[in-house]
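Each chain, letter by letter, is given below.
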Amino acid sequence: MRWSSVVLALLATTQIVSCDPLDKSENEQRFQACGKKMTSKVYMGTEAQQSEAPWSVFFLLYNKEENSATTCTGTIVSPRHVLIATHCFVELNGAQWELEGKQLDTTHCKNGDYVITDDDILKRIRIKSDKKVVSRHPEKVTLVKACVKRSAVKTANYNNTQYYTDDFAIIDLYDDLKSSSTIQHVCVAGSVSENAAGTELDYFGYGLNPPKDQRSDEAKDNTGVLRHETVKVIDQEMEDYYFLARDPNSITVACVGDSGGGAVKDVNGQKTIVGVLSQTNCVKPKNRNKAMEQYASVGYYNEDICRLTGICDDTPKHDKYHKDYTRKPKPLRPTEPPLVAQRPVGIAAVDPNGTTGKSPAPRNQEATEEPIDSTQDAPEEQSSSEVDPNGANSGFFHAILVLISMFVML
């Protein structure tokens with residue numbers, strides 16, 4: 001029992017501090033390739049709308065019983081990193097995030113960020129592109145600044161705690177995504193100036209598209225279908241890590257399942273993510289023609305993104321956090337069986353004029369989880385024979401070596 005406790009402690013410690021950022025060469029290659037303008041094209045005999053926004057992915061986090069799921073939208077920013085909203089994983093209780101009904105365990109806090117490394121949660125995650133599972137069971141999820149106790153500075157009179165609670169997260173995939181016509185990574189905003197008032201943005205999301213006269217929580221579940229809207233940043237004071245936007249023509253509005261998705265614009269000819277959707281108000285039909293959407297400012301988190309992912313603006317900035325870092329091969333994971341037929345449940349983005357959202361009741365549409373297509377749009381495989389025990393993600397092998405050393409010393 002004593003030795004098993006040691007093993008578990010070592011594994012837990014190694015898992016929390018594990019890191020797999022882009023190395024210097026990968027970061028440079030990413031910047032050369034990110035945000036290339038895509039055009040709609042015929043793919044597999046049908047119009048591939050996914051190719052219009054190949055950075056957008058459909059995110060599903062299944063419950064413990066694996067019979068329903070929280071749905072969100074994510075944005076690919078590197079072959080192994082996806083930006084998304086914190087509330088796709090946790091719920092806000094007052095000004096405190098809670099994970100599956102419990103306050104965040106502070107032992108998982110690092111530099112103000114909360115790191116999800118619990119395999120029981122991670123193994124229930126699926127990421128889809130073009131209606132196919134392209135990634136599952138990520139390495140970890142970082143809820144950026146989720147452990148920081150924020151106080152309202154500019155929004156003290158708004159009477160909404162979500163206005164000063166960070167809602168920005170990063171998914172670290174275990175395997176790199178394979179680039180294709182429907183899978184590409186977008187560039188990352190360098191500063192908050194990219195979301196200045198009056199800026200027009202394109203938003204793509206997989207959320208609900210309810211009829212004009214029907215509440216979103218009563219509508220047929222059509223999450224998983226990629227939709228587009230154009231929004232303009234509103235000149236309304238927010239905390240520096242947020243901004244508000246809306247469709248200037250009051251035609252479209254983000255809805256359940258759109259949370260976490262990216263608002264993008266052209267920066268020097270490259271598609272660049274500027275905001276991550278946090279809140280909207282599409283539940284009641286009467287609110288949609290005046291709906292505002294709240295986005296986490298990607299430019300505000302630029303330094304955190306560099307620190308956590310190796311996605312950095314330039315070499316000096318990359319060296320600040322990742323100098324001399326070289327990526328090591330990872331062990332190949334065993335193949336996981338597909339899930340049975342399930343019903344996705346979208347988590348409602350929070351209403352800026354109302355209460356924080358909880359997932360609506362399960363809807364009628366059945367979603368069958370298929371295994372990852374091994375021949376198309378699938379993560380690249382790595383041979384387990386290439387594992388380096390000193391690699392960035394070889395915590396298991398490190399723990400075993402430590403135990404062996406301890407036995408030898410005894």
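How each quantity is defined
Residues numbered from 1 in each chain as written. Predicted model: local features only at pLDDT ≥ 70, side-chain atom pairs only at ≥ 80, totals over all residues. Heavy atoms only, no water. Axes fitted to C-alpha atoms, helices over the stretch in contact; angles between N-to-C directions. Helix = DSSP H or I, 4+ residues; strand = E, 2+ residues; numbered from the N terminus. Parallel < 35°, antiparallel > 145°, perpendicular 65-115°, else oblique. Left-handed = near helix turned anticlockwise from the far one by under 90°. Contact = heavy atoms within 4.5 Å. Nonpolar A, V, L, I, M, F, W, Y, C, P; charged D, E, K, R; others polar. Buried < 20%, exposed > 50% of the residue type's maximum accessible area, 1.4 Å probe, protein only. Pairing = 2+ DSSP bridges. Salt bridge = Lys/Arg side-chain N within 4 Å of Asp/Glu carboxyl O. Disulfide = S-S within 2.5 Å.

- Named according to an unreviewed UniProt entry, the chain is Peptidase S1 domain-containing protein originating from Caenorhabditis latens.

1. So, the packing of helix H4 (residues 302-309) against helix H5 (residues 315-322)
Two measures define how a pair of helices packs: the angle their axes make with one another and the distance between the axes.
Point 1. The interhelical angle for the contact between H4 and H5, taken along N-to-C directions, is 55°, at an axis separation of 8 Å. Our classification of the angle between H4 and H5 gives oblique. For the pair H4 and H5, the sense of crossing is right-handed. Residues Asn302, Glu303, Cys306 and Arg307 of H4 touch H5, and the partners they reach there are Lys317, His318, Lys320, Tyr321 and His322.
Point 2. Looking at the contact of H4 with H5 residue by residue, the class counts come to two nonpolar, three polar and four charged.

2. A closer look at the environment of glycine 198
Point 1. In this fold, glycine 198 is placed in the loop between strand S15 (187-188) and strand S16 (200-205).
Point 2. Taking the relative accessible area as the measure of exposure, glycine 198 reaches 40% and is therefore partly exposed.
Point 3. Taking the C-alpha atoms as reference, glycine 198 lies 6.3 Å from isoleucine 234; in sequence the two are 36 residues apart.
Point 4. If we ignore the near neighbours within four places in the chain, the residues touching glycine 198 are Lys232 and Val233.

3. A word on the sheet that holds strand S8 (residues 102-103)
Point 1. Pairing within the open sheet is antiparallel, and its three strands lie in the order S6-S7-S8. The sheet is open, and its two borders are formed by strand S6 (91-93) and S8, each paired with just one other strand.
Point 2. Pairing between strand S7 (residues 96-99) and S8: two bridges, direction antiparallel. If you follow glutamate 98 over to S8, its bridge partner there is glutamine 103.

4. Description of the pattern of salt bridges
Point 1. Tallying each qualifying case throughout the model produces 23 salt bridges.
Point 2. Salt-bridge contacts for arginine 124 lead to aspartate 120; the nearest nitrogen and oxygen are separated by 3.4 Å.
Point 3. With a shortest N-O distance of 2.8 Å, glutamate 303 and lysine 320 are connected by a salt bridge. With glutamate 303 in helix H4 and lysine 320 in helix H5, this residue pair connects regions lying 17 residues apart in the sequence.
Point 4. Look at the salt bridges and you will find they share partners, linking Asp20, Arg80, Glu139, Asp176, Arg327 and Lys330 into a network.

5. Some words on the state of the cysteines
Point 1. This structure, assessed with the given rule, holds four disulfides.
Point 2. In this model, cysteine 109 is linked to cysteine 147 through a disulfide, with the two sulfur atoms separated by 2.0 Å. The disulfide joining cysteine 109 to cysteine 147 has a torsion of about -80° about its S-S bond and is therefore left-handed. Taken together, the residues cysteine 109 in strand S9 (residues 109-110) and cysteine 147 in the loop between strand S13 (140-143) and strand S14 (169-172) connect sequence positions 38 residues apart.
Point 3. Judged by its relative accessible area of 27%, cysteine 109 is partly exposed.
Point 4. Residue class for cysteine 147 comes out partly exposed when judged on its relative accessible area of 25%.

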